[in-house]
Amino acid sequence: MTRATAAPPSTPGRSAPAAHTGLVLFALAIAGMVVSVQQTLVIPLLPRLMQHFDASVTTVTWVFTASLLAGAVATPLLSRFGDMYGKKTMILLAMALLTAGSVVSALSDSLGVLVAGRALQGVSSAMIPLAIGMIRDTFPREKVTTAIGLVSATMGVGGTAGMIVTGLIADHTDSYRPVFWIAAGLAAAGMVLVAVSAKDLGARGGGRPDLVGAALLAGFLVSLLLGISEGNAWGWTSGKVLGLFAAAAVLCAVWVAVELRVREPLVRLGLLAGPKSLTANLASVLLGFSMFAAFTLISNFVQSPKDKVGYGLGGSVLDVGLYMLPSTVTMLVFSALAGRIAARLGPAFTLAIGSVFAGLSYVWLAVSNGHVYDVLAFSAIQGIGFGVAYAALGTLAVQHVPLSQSGIASGINSLVRTAGGSIAGAVTASVLTSRVIPHTPIPTLHAYVLCFWIVAAGAGLAALVALYHGLRHGAHHVSDETAPSTVVTTAD
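Residues numbered from 1 in each chain as written. Predicted model: local features only at pLDDT ≥ 70, side-chain atom pairs only at ≥ 80, totals over all residues. Heavy atoms only, no water.

## Observations concerning the overall build of the protein chain
Worth spelling out the cut-off: For helices the rule is a DSSP run of H or I covering at least 4 residues; for strands it is a run of E covering at least 2, with both sets numbered from the N terminus onward. When accessible area is computed with a 1.4 Å probe and restricted to protein chains, residues below 20% of their type maximum are described as buried, those above 50% as exposed, and intermediate ones as partly exposed. In this description, contact between two residues means that some pair of their heavy atoms is separated by no more than 4.5 Å. Throughout, the Shrake-Rupley method with a 1.4 Å probe supplies accessible areas, and for residues the shown protein chains are the sole cover considered.
Scanning the protein chain for helices and strands turns up 21 helices and two strands. In the protein chain, which comprises 492 residues, the share counted as buried stands at 58%. Here the analysis covers contacts within the protein chain between residues at least 6 apart in sequence; of these, 81% occur between residues at least 24 apart. Summed over all atoms, the accessible surface of the protein chain reaches about 17900 Å², with 70% contributed by carbon and sulfur.

## Topic: the layout of surface pockets
Heads up, the rule is: Put plainly, a pocket is an open set of points on a 1 Å grid over the protein atoms alone with protein on both sides within 12 Å along at least five of seven lines, a cavity is a set where a 1.4 Å probe fits but cannot get out, and a lining residue has an atom within 4 Å of a point. Grid points are joined across faces, edges and corners, and a volume is the space filled by probe spheres set on the points. Charged means Asp, Glu, Lys or Arg here, nonpolar means Ala, Val, Leu, Ile, Met, Phe, Trp, Tyr, Cys or Pro, and polar covers whatever is left, Gly included.
Considered as a void within the structure, the largest pocket measures approximately 710 Å³ in volume. Lining the largest pocket are 29 residues, and of these Pro47, Met50, Asn300, Pro443 and Tyr448 sit closest to its centre. When residues of the lining of the largest pocket are traced back to their parent elements, those giving at least two are α2 (46-53), α3 (57-60), α14 (278-303), α15 (306-309) and α20 (406-434). Class assignment of the residues belonging to the lining of the largest pocket gives a composition of 18 nonpolar, nine polar and two charged.

## Structural notes on the nonpolar core
Cut-off, in case you're wondering: By nonpolar core is meant a set of buried Ala, Val, Leu, Ile, Met, Phe, Trp, Tyr and Cys residues that side-chain atoms within 4.5 Å join together.
In terms of nonpolar packing, the biggest core is built from 74 residues, with Leu49, Leu351 and Phe452 touching the most fellow members. Sorting elements by how many residues they give to this core places α14 first, with 14 residues. Residues in contact with Leu351, not counting those within four places in the same chain, are Ala283, Leu287, Ala389, Ala392, Leu393, Leu396 and Ala466. One finds Leu69, Ala70, Ala72 and Met90 within the second-largest nonpolar core, a separate group that totals 55 residues.

## Quick look at the side chain of Thr428
Going by this rule: By the criterion applied in these results, polar contacts are pairs of N or O atoms within 3.5 Å in which, for protein atoms, one can donate a hydrogen and the other can accept it, and in which residues neighboring in sequence qualify only through two side-chain atoms.
Within the secondary structure, Thr428 is located in helix α20. A distance of 2.7 Å separates the side chain of Thr428 from the backbone oxygen of Ala424, its partner in a polar contact. When sequence neighbours within four positions are dropped, the list of residues in contact with Thr428 reads Ala293, Thr296, Leu297 and Cys451.

## Quick word on the packing of aromatic side chains
Note the cut-off: Stacked, edge-to-face and tilted are the three classes for Phe, Tyr and Trp ring pairs, Trp counted by its six-membered ring, which pair at centre distances within 6.5 Å; planes under 30 degrees apart are stacked, over 60 edge-to-face, the rest tilted. A ring has a charge above it when a Lys NZ or an Arg CZ is no more than 6 Å from the ring centre and no more than 35 degrees off the ring normal.
Inspection of every chain in the model, using the stated rule, returns nine aromatic pairs. Between Phe301 and Phe452 the ring centres are 6.0 Å apart and the planes differ by 70°, which places this aromatic pair in the edge-to-face class. Of this pair, Phe301 sits in helix α14 while Phe452 sits in helix α21 (residues 445-473), and the two are 151 residues apart along the sequence. Taken together, the aromatic side chains of Phe301, Tyr311, Tyr448 and Phe452 make up a single cluster linked through ring pairs. The aromatic ring of Trp234 is capped on one face by Lys240, whose charged end is 4.3 Å from the ring centroid.

## Thoughts on helix α17 (residues 325-345)
To keep things clear, this is the line we draw: Under the convention used throughout, the expected extent of a helix is 1.5 Å for every residue step, that is, one less than its residue count. Across the chain, bend at a residue is computed as the angle between axes fitted to the seven residues ending at that point and the seven starting from it.
Helix length check: α17 (21 residues) gives 29 Å between terminal C-alpha atoms against 30 Å at 1.5 Å per residue, within 8%. Leu337 marks where α17 bends most, by close to 35°. Buried residues of α17: Ser327, Thr328, Thr330, Met331, Ser335, Ala338, Gly339 and Ala342, and no others. Positive backbone phi, at 100°, marks Gly346, one or two positions downstream of α17.

## Overview of unusual backbone geometry
The phi dihedral of Asp54 is positive, around 50°, even though this residue is not glycine. The topology assignment puts Asp54 in the loop between α2 and α3. A positive phi angle is found at His439, which is not glycine, with a value near 70°. Turning to its location among the elements, His439 is positioned in the loop between α20 and α21.

## A closer look at α14
Turn by turn, an α-helix covers 3.6 residues, leaving residues three or four places apart pointing in a common direction. Along its 26 residues, α14 runs 38 Å from first to last C-alpha, staying within 8% of the 38 Å computed at 1.5 Å per residue. Considering bend angle alone, the principal kink of α14 is centred on Ala294 and spans about 25°. Counted residue by residue, α14 has 21 buried out of 26 residues, so it is predominantly covered.

## Notes on the environment of Gly122
Of note, Gly122 is situated in helix α6 (residues 111-122). Residue Gly122 is classed as buried on the basis of its relative accessible area of 0%. Taking C-alpha positions, Gly122 is 9.3 Å from Phe64, a pair spaced 58 residues apart along the chain. Among residues more than four places away in sequence, those in contact with Gly122 are Gln38, Ser67, Ala70 and Gly71.

## Digging into the packing of α14 against helix α18 (residues 347-367)
Heads up, the condition is: For helices, the axis comes from a line fit to the C-alpha atoms of the stretch in contact; other axes are also lines fit to C-alpha atoms, and the angle between any two N-to-C directions lies between 0 and 180 degrees. To sort the angles, those under 35 degrees are grouped as roughly parallel, those over 145 as roughly antiparallel, those from 65 to 115 as roughly perpendicular, and the leftovers as oblique. With the far helix as reference, a near helix turned anticlockwise by less than a right angle produces a left-handed crossing, and one turned clockwise produces a right-handed crossing.
For the pair α14 and α18, the least separation of the axes is 11 Å and the interaxial angle reads 30°. With respect to α18, the element α14 is oriented roughly parallel. α18 is crossed by α14, and the crossing has left-handed handedness. Residues Ala283, Leu287, Ser290, Met291, Ala294 and Ile298 of α14 pack against Leu351, Ser355, Tyr362 and Leu365 of α18.

## Overview of the environment of Ala429
Within the secondary structure, Ala429 sits in helix α20. The class for Ala429 is buried, based on a relative accessible area of 5%. Note: C-alpha distance between Ala429 and Ala447 (18 residues apart in sequence) is 10.0 Å.

## A few points about the environment of Gly159
Looking at where Gly159 falls in the secondary structure, it is placed in helix α8 (residues 141-170). Judged by its relative accessible area of 0%, Gly159 is buried. Filtering out sequence-adjacent residues up to four positions away, Gly159 remains in contact with Ser36, Thr40, Thr154 and Phe295.

## Focus: the confidence of the model for the protein chain
Put simply, the test is: What pLDDT reports is the predictor's confidence in each residue, on a scale of 0 through 100.
For the protein chain, per-residue confidence averages 81 on the pLDDT scale, and residues scoring 70 or more make up 86% of the total. Counting interchain partners and residues more than four positions distant, the pLDDT-below-50 stretch residues 1-14 has 30 contacts. Note that residues 476-492 has pLDDT below 50 and, in this model, 58 contacts with residues that lie over four places away or in other chains.

## Here's the deal with a nonpolar patch on the surface
Just so we agree on the cut-off: Here the term patch refers to residues with relative accessible area over 30% and no salt bridge, with like charges joined within 9 Å and nonpolar side chains (Val, Leu, Ile, Met, Phe, Trp, Tyr) within 5 Å. Criterion for a salt bridge: a side-chain nitrogen of Lys or Arg within 4 Å of a carboxyl oxygen of Asp or Glu.
Side chains of Leu345, Ile353, Val356, Phe357 and Leu360 sit close together on the surface and give an oily, nonpolar patch of about 380 Å² of accessible area. For the nonpolar patch, the leading source of residues is α18, giving four residues. Residue class for Val356 comes out partly exposed when judged on its relative accessible area of 42%.

Put into structure tokens, the structure is as follows:
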């Protein structure tokens, strides 16, 4: 059911002073970058971890997937806590858990402990939607879209930075531990920066956390991702895989039933699948799939020795990060411009434009991938796409909800984006392990090309979904700057 409610009036005490917003934005952007660093810093190390722990591709991929999975569960929970107890408090908690997870990973001596540490690190993914909620709560209207764009851009910038940091360390040591000690130090510094600069000025609500919903969501996602990732190894028609998919279906159904009945649900299904939320969240799933797929695919592809397998660039761990530097530059530039584009076209059409560029970057790699300039061109085009798309998506996620629910609305959007990233890791690992060079575990070039086309299709679908949203709900009445200050549409 859709209703119109009066939005809280804009008062002088509601927005932080102009001079202070710059410092807060800097602190949130740095913290967001640190969070994004942890998501990708292990990706260049996956081949090395396979040898260190004598594990398969699908098993080692859980070092990456566990972080995304934990983030998918923790994001709506901490976002709900943010609306209840204050977003700054939850941001500091997320950064503290990132620090603790980094220490656990640095001290790990087994793959299981490393995966557990990575899961703790993954909880920090909630920091991005919490930061977006804080911006909407406290920043002047005319600065909201640009600020959200800059914080959203840290996902890509931090991702590239994580690969470069890992590459620099990998060139000087065979150990994976220094990477996590650096992550711990960065997380602690980011936590201090937020603690001394940010203030909670947003509205707070009461209620209690939906721990049962969180447990059911975790069980559903684990069952689904484990079934996808192990399908090739166990057999897609084996009892174990079919049992996992059946368990995922049952847990999903039970979770939906619980969320519909509980007074304070983990995920308000109206915000997840409401008339004006569904398309934004569906686009977020598809973009998450496209972005996180790039991290794993490009790392392995760049490091593949062309003289031995017939493809790849034979690059080092450091080269992976350097090849993605153009993405960092273009993402920063175009995320800053996204606010102006959205003000003119609306967030939905802006999101569609960004998704098209993201899709074109993968089409380039699918068609031409034999030279360094191919990866550099892919990187630059991808940065344009995600810089524009994620800036618009951050605005689209919170535009139809009251301020008191901005945290959970952004959290839900982040949840589905992270879930899309988790699925991307499982799907691409499954494709790569199903098409290998005879008598070796090495994927064929055709396997990579197929993955590139799959990911391009995901970004293309995101563009179509965003275009539909813009045509269906209108392009210009949706941004924080242009929306009427007295009416906010929300779905129950």
